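Coordinate analysis (summary)
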Amino acid sequence: MRSKTMAIVCAALMAGAVISGCGRESGGGGKTKLTIGLFGNFGYTELLKEYASTHPDIEIQDRTASYSDHHKNLAAHLATNNGAADIEAVDTGYVAQFKATPDKFVDLNTRGGDQLKDRWLPWKWAASLSKEGQQIGYGTDVGGLAICYRRDLLEAAGLPSERTEVAALWPTWPDFMAAGKRFQASAPEGVKWFDGGPTVLNAIVGQAATGYYDQSDRITVGSNPELKQGWDLVADAVNSGLSAKLLYSTPVWNTGFKQGQFATVTCPAWQMAKIKDQAPDTAGKWDVTSVPGGGGNWGGSYLTIPQQGKNVDKAVELAAWLTAPEQQAKVFATAGLLPSTPKLYEDPAVVGLQNPFFNNAPVGKLFTDAAKQLQPQYQGPKAGDVQTAIGNAMQRVEQGKQSGDDSWNQFVGDVQNLSS
């Protein structure tokens, strides 16, 4: 869930918006232009239109880039004090890095955030607080974990396709790999069990009590047995031919959805929007069920307000509105992003939500149950970079460039260099 060159798309999100001069203080007709920097599908298209319709003095434009490019360029904009959007999204894997320089962001506690903090899960609010107590971002979604799977492909290989029966195939990750070997023995030609090793590995890492860092910000990858066990399991699955060898959030991965190159994919709540966006013609073929091991988290983001912005007050107002429970409920209904506001976990409209694209899967109950069980994992200063590094390391195994042990050893060394 990566090129070095940022591809920025400035898209007008209200009728008649002017697409020019991204980052300018004013839009057409004397309106205030607000820019919002995003990565992936946040489910905001209709919300931004709604907000603009009730705030006729504001023109809103988004700037959407790939995950890695977005965060690299945000760091560059902050370092040069130039070029950041009025609102910038930050993924949970990068929030520790950015909150280490809270002076670059508006402290939302000084703009009414301290009165709003009970909206969010306590750990979600705490994760974006600097050590001095400045709040750099309002939480959007949390990841949660499930497995999305192609019913038709499992049936073609002689495996069950109903949710409860599918979940029974994989109470644990070793069971998931064993089911994959059964699948692969009779799989349709060219179809693999899962999309790529890095995606599965991220889910396993997300379930560990300790991830890439301990609470003292010490990188643990060389000494954390849960990470190494997960690595060995996935590397063995790759060597057993279960992987389509596609790296998530790349063009070839997107094509893999369109062409049905894999039968399962690790599915945090936000993944559902990606699948629907990339393969709209597969509606009804996909389904959702519980993840091996239960619980866990992958992803979730924050909306931050860089200090360099020209329209800070209005940006703060928009960020607060976008992350309010009412808007998070709408995003869950339209894009499947799991709210970080616990009051919604008891809302019948949310809990009872079914997704017709995913064979009417009861995604409301599935993901709110997962959210209630979620045990947050501490994210260190460069967790996003470590996640990228472990994905690259598993790709080396998938591409036959290194053995599992050799690539792991290189990864451990590479990550240690990040902290030096």
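Given the structure is predicted, the values throughout are model-derived calculations rather than measurements. (Residues numbered from 1 in each chain as written. Predicted model: local features only at pLDDT ≥ 70, side-chain atom pairs only at ≥ 80, totals over all residues. Heavy atoms only, no water.)

So, the state of the cysteines
- All told, the structure shown has 1 disulfide when counted by the stated rule.
- The side chain of C148 participates in a disulfide bridge whose partner is C267; the two sulfur atoms lie 2.0 Å from each other. Between C148 and C267, the S-S dihedral sits near -60°, and the bridge is therefore left-handed. Here the residue C148 occupies a position in strand β6 (residues 147–150), and C267 occupies one in the loop between β8 (262–266) and α11 (271–278), the gap between them amounting to 119 residues. C267 carries the same exposure label as C148, and that label is buried. (Disulfide = S-S within 2.5 Å. Helix = DSSP H or I, 4+ residues; strand = E, 2+ residues; numbered from the N terminus. Buried < 20%, exposed > 50% of the residue type's maximum accessible area, 1.4 Å probe, protein only.)

Things to note about the side chain of T266
- Tracing the backbone shows T266 in strand β8.
- Excluding residues that lie within four positions of it along the chain, T266 makes contacts with L145, A146, I147, W173, T199, V200, A203, Q271 and W298. (Contact = heavy atoms within 4.5 Å.)

What to know about the pairing of strand β9 (residues 286–289)
- Alternating residues of β9 divide into W286 and V288 and D287 and T289, and every residue in both groups is buried.
- Judged from the 4 bridges that link them, β6 and β9 form a sheet pairing that is antiparallel. Looking at β9, one finds that R150 is bridged to W286. (Pairing = 2+ DSSP bridges.)

Quick look at the sheet that holds strand β7 (residues 192–194)
- With mixed pairing, the 4 strands of this open sheet are ordered in space as β7-β8-β6-β9. One side of each edge strand has no neighbouring strand; the edge strands of this open sheet are β7 and β9. Direction aside, neighbouring strands of the sheet carry axes that sit 20° apart on average. (Axes fitted to C-alpha atoms, helices over the stretch in contact; angles between N-to-C directions.)

So, the confidence of the model for the chain
- A residue-level look at the chain finds 93% of positions with pLDDT of 70 or above and a mean pLDDT of 90.
- Confidence over residues 1–25 falls short of pLDDT 50; this stretch has 66 contacts with residues more than four positions distant or in other chains. (pLDDT = per-residue confidence, 0-100.)

Structural notes on the pairing of strand β5 (residues 137–142)
- The buried fraction of β5 amounts to 6 of the 6 residues, a majority that puts the element mostly inside the structure.
- One ladder, built from 4 bridges, connects β5 with strand β10 (residues 300–304); its direction is antiparallel. Paired with Y138 across the strands is L303, a residue of β10.
- Across 2 bridges, β5 lies against strand β11 (residues 338–339) in antiparallel orientation. Directly across from V142, in β11, lies its bridge partner L338.

Quick word on the side chain of Q271
- As for its placement among the helices and strands, Q271 is situated in helix α11.
- At 2.9 Å, the side chain of Q271 forms a polar contact with the backbone oxygen of T266.
- Not counting the four nearest positions on each side in its chain, Q271 is found in contact with T199, W253, V265 and T266. (Polar contact = N/O pair within 3.5 Å; in protein donor to acceptor, adjacent residues only side chain to side chain.)

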